[in-house]
Amino acid sequence: MKTLVIVAHPNTDQSFNHAIVDRIVQTLKKKGDSVLVRDLYAEQFDPVMPINEDKLEIDELPPEIQTAMKEVKESDALIFVHPNWWGTPPAILKGWIDRVLRNGFAYKFSNKGPVQLLNDKIVRVFSTSNTPKDVEVNVYHDPLQNFWETIVFGLCGAKSFQRRNFESIILSSEEERKQWLNDVEKMVSCLS
C-alpha cells in the first residue's frame, strides 16, 4: 500500500502531532508499506490560493499543487495529523485542502449534484486538542468531525473514514500519550 501522510503542526520536532506521525511511519514501514510524509510547515506550503487559481485547468496549476495532486491520486490511504485550532485544522492545512482537493480532481458537479472522486481512498484523521471531549462534543458539537467526515470527505468520498482526537494534550501524562500512540498504531496497522 501507498500512504500519504499530511501533517500540519508548526513545532516540527517537539509536538505530539509529530510523535503521531513517527508512529504512523514506523507502523506502516514495518508492514512493508510505502509512506510519504508531507510536513506542510517544514515545507513552507503556501496556503493562499492566488487570484483565479480555482479557474485554472490541472495542467496549468503551479508545479507544487500538481505534485500534491499526483501524490493524492497515487495513494491508497490519506492520513491527516493536526491540532484543533478554533474548531478547525490550522490555516496551512485548510489552504492545502482548498488548493489540492479541488473541483474536477477530488469531486465534480453534474446536473444531478456532486460526484465523489476519491471513493477509492482510505482516510484517517488524527487530531489533538486541549478541550475536554465532553465540551468538544456537547458544547461545540465536534466541529472537526463534521468538517472532515461530512464536509470534506462527504463531498470527495472515501472508501473508509475514521478520525481519532487526543485530548487534553496539555493535561495528559506521559503514560496517556504512550497509550495514545499505541491507539494510533492499531488504527493504521489494519489499513487495507
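Here the structure is shown first, and the text comes after it.
Here's what I pulled together on the structure shown here. (Residues numbered from 1 in each chain as written. Predicted model: local features only at pLDDT ≥ 70, side-chain atom pairs only at ≥ 80, totals over all residues. Heavy atoms only, no water.)

## Overview of the pairing of strand β5 (residues 113-116)
A regular strand carries its side chains on alternate faces of the sheet.
Here comes step 1: Pairing of strand β4 (residues 107-110) with β5, which is carried by four bridges, proceeds in the antiparallel orientation. Residue Tyr107 lies in a different strand from β5, and its bridge partner there is Gln116.
Here comes step 2: Taken together, β4 and the strand that follows it, β5, pair antiparallel across an intervening segment of two residues. (Pairing = 2+ DSSP bridges. Helix = DSSP H or I, 4+ residues; strand = E, 2+ residues; numbered from the N terminus.)

## Quick notes on the pattern of salt bridges
Should their charged atoms come close, side chains of opposite charge can pair.
Here comes step 1: Evaluated as defined, the whole model comprises 14 salt bridges.
Here comes step 2: Of the charged contacts, one joins Glu74 and Lys2 as a salt bridge, the two residues approaching to 3.7 Å between their closest N and O atoms. Highlighted residues: Glu74 in helix α2 (residues 63-74) and Lys2 in strand β1 (residues 2-7), separated in sequence by 72 residues.
Here comes step 3: With relative accessibility at 38%, the residue Glu74 sits in the partly exposed group.
Here comes step 4: With a relative accessible area of 36%, Lys2 lands in the partly exposed category.
Here comes step 5: Close ionic contact of Asp98 with Lys94 constitutes a salt bridge, the shortest N to O distance being 2.7 Å. Of this pair, Asp98 and Lys94 both sit in helix α3 (residues 91-100), four residues apart, which is roughly one turn of that helix.
Here comes step 6: For Asp98, a relative accessible area of 35% puts it in the partly exposed group.
Here comes step 7: For Lys94, a relative accessible area of 34% corresponds to the partly exposed category. (Salt bridge = Lys/Arg side-chain N within 4 Å of Asp/Glu carboxyl O. Buried < 20%, exposed > 50% of the residue type's maximum accessible area, 1.4 Å probe, protein only.)

## Examining α2
Here comes step 1: Between its terminal C-alpha atoms α2 stretches 16 Å, which fits the 16 Å expected from twelve residues at 1.5 Å a residue.
Here comes step 2: Along α2, the residues classified as buried are Ile65, Ala68, Met69, Glu71 and Val72. Taken down its axis, α2 places every buried residue within 160 degrees of arc, on the same side. Away from its buried face by more than 90 degrees, α2 exposes Pro63 and Lys73.
Here comes step 3: Looking at the packing, one finds that the buried side of α2 touches β1, β2 (34-39), β3 (77-83) and α3. (Expected span 1.5 Å × (residues − 1). Arc of directions from axis to C-beta. Contact = heavy atoms within 4.5 Å.)

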